[in-house]
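Spelled out from the first residue to the last, the chains are:
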Amino acid sequence: MTDKTRDYYKTLLEIDQNLDRLVREIDVLNYLNPLNIEQEKKRFFGSKFSEDPVFKYRKLKFDPYTLQRQLFSQRLEDIPDEDIYKLYYDAIYEYSGLVQCVATVGKGKKFFYNSLRVFGTPTEKDVKNAKFILHFHKEEDAEEMVPRYNADQAQAYFQAFGEHYPFQFRIRQSNSITGAAMALNSRELVVKKNRKFSDNDLKVLANHEIGVNMLTTFNGLDQALRIFSHGFANNHPTQAGLGIFSEYMSDSLSLKRVKELAYRVLAADSLIKGYSFSDTFDLLYSQYKLDRETSWLISLRAHRGGGFTKDHQYLPGLKKVYDYYSAGKDMGLLLTGKVALEDAELIEKLQQKELAQKNTYFPHSFKENKNTNDKLKFLLSNLK
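The structure displayed is predicted, hence computed values, not measured ones.

Q: An account of unusual backbone geometry is requested, with residue identities and associated values reported.
A: Keep in mind that most residues, glycine aside, have a negative phi and that most peptide bonds are trans. The phi torsion at Lys48 lies on the positive side, around 60°, for a residue other than glycine. Within the fold, Lys48 resides in the loop between α4 (37-46) and α5 (64-71). What makes Lys48 exposed here is its relative accessible area of 69%. Despite not being glycine, Asp251 shows a phi value in the positive range, around 65°. You can call Asp251 partly exposed: its relative accessible area is 26%.

As structure tokens, then:
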């Protein structure tokens, strides 16, 4: 960035730095993952799936009211560009929504309604796509699907995978996460401590969590504007879609995994219908004949906090990214940070104005399409 550009956008850069300081504590997933997952899982199974779990969560480390007030005190009207003004306007409202989510974790409907405002709900088209996917016959589990590695072995695999990229991140283990692994914006990869991993699990998680989620974190940190690292408004479907697309391109995405995304849509849809935890579990376990571990996990992801709808975004996000790639568009624009596909043209504009740069890192999986599953190609091409 030249001194001339820096002087012209002085107010913008000040606002961006202010937001960087303010939103560092807003990590929804860090507050949303229950602290007593294993205890409540044991109690739920012991009750024959009838007693809904009662989860405990981390305490807040900031004052939500003060943070909200500071977010809305930014002088956006002084930004000398309408498109950039709108980018920050939308982002601040989303950050505000995330603050409200964090502040109401574990408070039932209060959290649920805040989650709806930020992450939305499955559309009728999403539900139809999910049911379309579930009509495909289950593939037989290959040898690479058999869980055989513990968390220490998984951690070693992720460390070795990470050495293929020039950025540095930490790895730790925890029982207080809902997924098998999770990349945090704090440049940390958290691995589920008491879980067994298959060869396919390791490949999926490495390409998704490190090859995309961690990579876009570091790309965002390399940008002049910190909004790239904290997130554009509505970036979640794109980020989720990129992660699953990385699995597809690396030939680690399976029909079983895509069906899991479909079940997540149906679980999120069950929240809108007023289902309790045990109702959602029963839908998956009894009606769709999922195994009890998978039914528990999908129900947990949907009902944590009081009702978390974000999981429905993976499937439509994957479809959007797949169509974007199939149209021959610039994937690099979607990797510049935590950005939204809909802002691709704006990102180009920011690059032309010297307010952004091209992505520093590029996923190895995106360099060549190694998918060998024609059924997946057919499925993704025919989603609405």
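Q: Give me the lowdown on α4, citing residues and values where you can.
A: By the burial criterion, the buried members of α4 are Ile37, Glu40, Lys41, Phe44 and Phe45. Viewed end-on, α4 has its buried residues packed into an arc of 135°, placing them on one side of the element. Looking at α4, the residues exposed on the side facing more than 90 degrees away from the buried face are Gln39, Lys42 and Gly46. Residues of α4 that are buried in the fold lie against β3 (188-192), α14 (277-287) and α15 (292-303). Of the residues trailing α4, Lys48 is marked for its positive phi of about 60°.

Q: Describe in detail the packing of aromatic side chains, supporting the description with residues and values.
A: Scanning all chains against the criterion turns up 37 aromatic pairs. Between Phe44 and Phe45, the aromatic rings sit 6.2 Å apart at their centres with planes inclined by 45°, giving tilted as the arrangement. Taking relative accessible area as the criterion, Phe44 reaches 0% and is therefore assigned buried. The buried category is assigned to Phe45, whose relative accessible area is 13%. Ring pairs connect the aromatic residues Phe44, Phe45, Phe49, Phe55, Phe277, Phe281, Tyr285 and Trp296, which therefore count as one cluster. The ring of Tyr314 carries the charged tip of Arg264 above its face, separated from the ring centre by 4.8 Å. Over the face of the ring belonging to Phe45 we find Arg292, whose NZ or CZ atom lies 4.0 Å from the ring centre.

Q: So what's going on with the packing of α14 against α15? Which residues, and what values?
A: Here α14 crosses α15 at 140°, and the two axes come no closer than 9 Å. Classified by the interaxial angle, the pair formed by α14 and α15 is oblique. The hand of the α14/α15 crossing is right-handed. Contacts between α14 and α15 pair Phe277, Thr280, Phe281, Leu284 and Tyr285 from the former with Arg292, Ser295, Trp296, Ile298, Ser299, Leu300 and His303 from the latter. Its residues assigned to classes, the contact of α14 with α15 comprises seven nonpolar, four polar and one charged.

Q: Describe the pairing of β3, and please don't skip the residues or the numbers.
A: With five of five residues buried, β3 is to be regarded as a mostly interior element. Examined bridge by bridge, strand β1 (residues 170-174) and β3 share five bridges and lie parallel to one another. Residue pairing for β3: Arg172 is matched across the bridge by Val190. In the sheet, strand β2 (residues 181-184) pairs with β3 via four bridges, with the strands oriented antiparallel. Among the inter-strand pairings, Ala183 is bridged to a residue of β3, identified as Leu189. Here β2 folds back onto β3 in antiparallel fashion, the turn holding three residues, of which Arg187 has a positive phi close to 65°.

Cut-offs and rules
- Residue indices begin from 1 for each chain and proceed along its sequence in written order.
- At least 70 in pLDDT is required for a residue's local features to be given in this predicted model, at least 80 for side-chain atom pairs to be given and counted, and no such filter applies to totals for whole chains, interfaces and linings, which use all residues.
- The basis for every side-chain value is the complete set of heavy atoms in the structure, and neither hydrogens nor water enter the calculation.
- Helix and strand assignments follow DSSP, with helices taken as H or I runs no shorter than four residues and strands as E runs no shorter than two, numbered in order from the N terminus.
- Three exposure classes are used, based on accessible area relative to the maximum for each residue type with a 1.4 Å probe and protein chains only: buried under 20%, partly exposed in between, and exposed over 50%.
- Picture the helix axis, draw a direction to every C-beta atom, and the arc is the one those directions span.
- Contacts are assigned to residue pairs with any non-hydrogen atoms lying within 4.5 Å of each other.
- Note on aromatic contacts: the rings of Phe and Tyr and the six-membered ring of Trp form a pair at centre separations within 6.5 Å, being stacked when their planes are under 30 degrees apart, edge-to-face when over 60 apart, and tilted otherwise.
- Ring-over charges, as used throughout, are those where CZ of Arg or NZ of Lys falls within 6 Å of the ring centre and within 35 degrees of the ring normal.
- Only the stretch in contact is used when a helix axis is fitted, and all axes are lines through C-alpha atoms; the angle between N-to-C directions ranges over 0 to 180 degrees.
- Any angle that is under 35 degrees is reported as roughly parallel, and any over 145 degrees as roughly antiparallel; angles of 65 to 115 degrees are reported as roughly perpendicular and all others as oblique.
- In this scheme the crossing of two helices becomes right-handed for a clockwise turn of the near helix relative to the far one and left-handed for an anticlockwise turn of less than a right angle.
- Under this grouping Gly is polar, as are all residues other than the nonpolar Ala, Val, Leu, Ile, Met, Phe, Trp, Tyr, Cys and Pro and the charged Asp, Glu, Lys and Arg.
- Being paired, for any two strands, means DSSP has found at least two bridges between them.

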